[in-house]
Amino acid sequence: MSARRLGIFGGAFDPPHLAHVALANAAVAQLGLDELRVLPTGQAWHKSRDLTAAAHRLAMARQAFADVPHAVVDDRELRRSGPTYTIDTLRELHAASPDAELLLVVGADQAEALHSWRACEEILRLATVAVAARARPGVGAPPFDASRLPPGHWVAVELPPMPVSATQIRALVAAGQDIGHLVPAGVARYIARHHLYAPT
Ligand code: ATP
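Residues numbered from 1 in each chain as written. Predicted model: local features only at pLDDT ≥ 70, side-chain atom pairs only at ≥ 80, totals over all residues. Heavy atoms only, no water.

### Some thoughts on the overall build of the protein chain
Move 1: Check the secondary structure of the protein chain and you find eight helices and six strands.
Move 2: Along the protein chain, from the amino end to the carboxyl end, the secondary structure elements read β-α-β-α-β-α-α-β-α-α-β-β-α-α.
Move 3: Taking 16 Å as the expected radius of gyration for a compact globule of 200 residues, we find that the protein chain reaches 16 Å, a close match to that expectation.
Move 4: With respect to the principal axes defined by its C-alpha atoms, the protein chain has extents near 50 × 35 × 30 Å.
Move 5: Long-range contacts, defined here as pairs at least 24 residues apart, represent 76% of the contacts in the protein chain between residues at least 6 apart. (Helix = DSSP H or I, 4+ residues; strand = E, 2+ residues; numbered from the N terminus. Rg over C-alpha atoms; globule rule 2.2 N^0.38 Å. Contact = heavy atoms within 4.5 Å.)

Here's what the structure looks like:
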């Protein structure tokens, strides 16, 4: 019997948007995942902005990924005190399922910064990195710079270019503009109901 394939998809998800959902669906289908753990991050060590309260980001992630096959939203990083490190999560998941094959799903922006993450070499020992090109408004989706990760430690996930970011969505809400084309309907409703991202 072949090893269970467990995908790991972390993000601030502040808020989760349609590119996140598309990447999750693409990863499950293309990597043949038995399960995709979606992990909203605690206070990410590399992001300086204060994130929206964990309970809101968790609720939005549950809405956003509800229809992605095999996706399970996992709140372990939100329950951890102090900054979030991916290596801690990988160690925990590896200890819980030593025979599972771990695949760390990231956009190219994160893959290109991975060398600066805590215990990067151990990350690459524990998991294969699954990288999707990341489109930016006006820039298209430059291919992932493969020289940034050692060969044999990463695979590509094909994703149609989707130039959407959570930063852009927060700015649109703050400006009173529509975000219905950028986030799942349940997330749009949640943001409106809880007055998230509105100017104070
Ligand atoms: P922010 O604008 O606040 O920095 P974000 O849109 O980058 O947020 P994150 O929650 O930081 O969203 O991203 C989680 C993961 O999803 C990261 O691996 C990121 O590279 C990937 N990702 C986010 N948006 C896209 C996109 N448009 N295309 C491909 N990957 C994406």
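After presenting the structure, the write-up continues.
### Digging into the nonpolar core
Move 1: Membership of the largest hydrophobic core comes to 39 residues, with the highest contact counts inside it found for Phe9, Leu31, Leu36, Phe65, Val105 and Ile191.
Move 2: Secondary-structure elements contributing two or more residues to this core are α1 (18-31), β2 (35-40), α2 (54-64), β4 (101-107), β5 (127-132), α7 (166-174) and α8 (185-193).
Move 3: Looking at which element gives the most residues to this core, the answer is α1, with eight residues.
Move 4: Residues in contact with Val105, not counting those within four places in the same chain, are Ile8, Phe9, Leu23, Ala27, Leu31, Leu36 and Ala130.
Move 5: With 23 residues, the next largest nonpolar core counts Tyr85, Cys120, Val129 and Phe144 among its residues. (Core = buried A, V, L, I, M, F, W, Y, C linked by side-chain atoms within 4.5 Å. Buried < 20%, exposed > 50% of the residue type's maximum accessible area, 1.4 Å probe, protein only.)

### Overview of α2
Move 1: Taken as a whole, α2 has its buried residues at Arg57, Leu58, Met60, Ala61 and Ala64. With its buried residues spanning 165 degrees around the axis, α2 presents them on a single face.
Move 2: Against the buried residues of α2 lie α1, β2, β3 (71-73), α3 (76-79) and α8. (Arc of directions from axis to C-beta.)

### Considering the pairing of β5
Move 1: Burial analysis of β5 places five of its six residues in the buried class, which makes it a mostly covered element.
Move 2: With six bridges joining them, β4 and β5 adopt parallel strand pairing. Following the sheet pairing, Val106 is matched in β5 by Val131.
Move 3: Strand direction decides the pairing type here: β5 and strand β6 (residues 154-157), joined by four bridges, are parallel. (Pairing = 2+ DSSP bridges.)

### Notes on the sheet that holds β5
Move 1: Taken together, six strands build an open sheet; the order of strands is β3-β2-β1-β4-β5-β6 and the sheet is parallel. The open sheet terminates on both sides in strands that have one partner only, identified here as β3 and β6. In this sheet, neighbouring strand axes are inclined to one another by 30 degrees on average, regardless of whether the strands run parallel or antiparallel.
Move 2: With three bridges joining them, β2 and β3 adopt parallel strand pairing. Each bridged residue has a counterpart across the sheet, and for Arg37 the counterpart in β3 is Val72. (Axes fitted to C-alpha atoms, helices over the stretch in contact; angles between N-to-C directions.)

### Quick notes on the side chain of Arg37
Move 1: Summarising the element assignment, Arg37 is placed in strand β2.
Move 2: With a relative accessible area of 16%, Arg37 lands in the buried category.
Move 3: A polar atom in the side chain of Arg37 sits 2.8 Å from the side chain of Asp74.
Move 4: For Arg37, the residues in contact, after removing those within four places along its chain, are Leu6, Gly7, Ile8, Phe9, Val72, Asp74, Arg76 and Leu93. (Polar contact = N/O pair within 3.5 Å; in protein donor to acceptor, adjacent residues only side chain to side chain.)

### Some details on unusual backbone geometry
Move 1: Backbone torsion omega between Asp14 and Pro15 reads 0 degrees, so that peptide bond is classified as cis.
Move 2: In this structure, Pro15 sits in the loop between β1 (5-11) and α1.
Move 3: Positive phi is not limited to glycine here, since His70 has a value of about 70 degrees.
Move 4: When you line up the elements, His70 lands in the loop between α2 and β3.
Move 5: The backbone of Ala119 sits at a positive phi, close to 55 degrees, despite the residue not being glycine.
Move 6: Taking the relative accessible area as the measure of exposure, Ala119 reaches 27% and is therefore partly exposed.

### A few points about the packing of aromatic side chains
Move 1: Counted by the stated rule, this structure contains four aromatic pairs.
Move 2: Plain terms: the ring middles of Phe9 and Phe65 are 6.1 Å apart, the flat faces sit at 90 degrees to each other, and that makes the pair edge-to-face. Separated by 56 residues along the polypeptide, Phe9 in strand β1 and Phe65 in the loop between α2 and β3 bring together distant segments of the chain. For the pair formed by Phe9 and Phe65, the shared burial category is buried.
Move 3: Taking NZ or CZ as reference, Arg118 lies 3.9 Å from the ring centre of Tyr85, over its face. (Phe/Tyr/Trp six-rings, centres within 6.5 Å; stacked < 30°, edge-to-face > 60°. Lys NZ or Arg CZ within 6 Å of the ring centre and 35° of its normal.)

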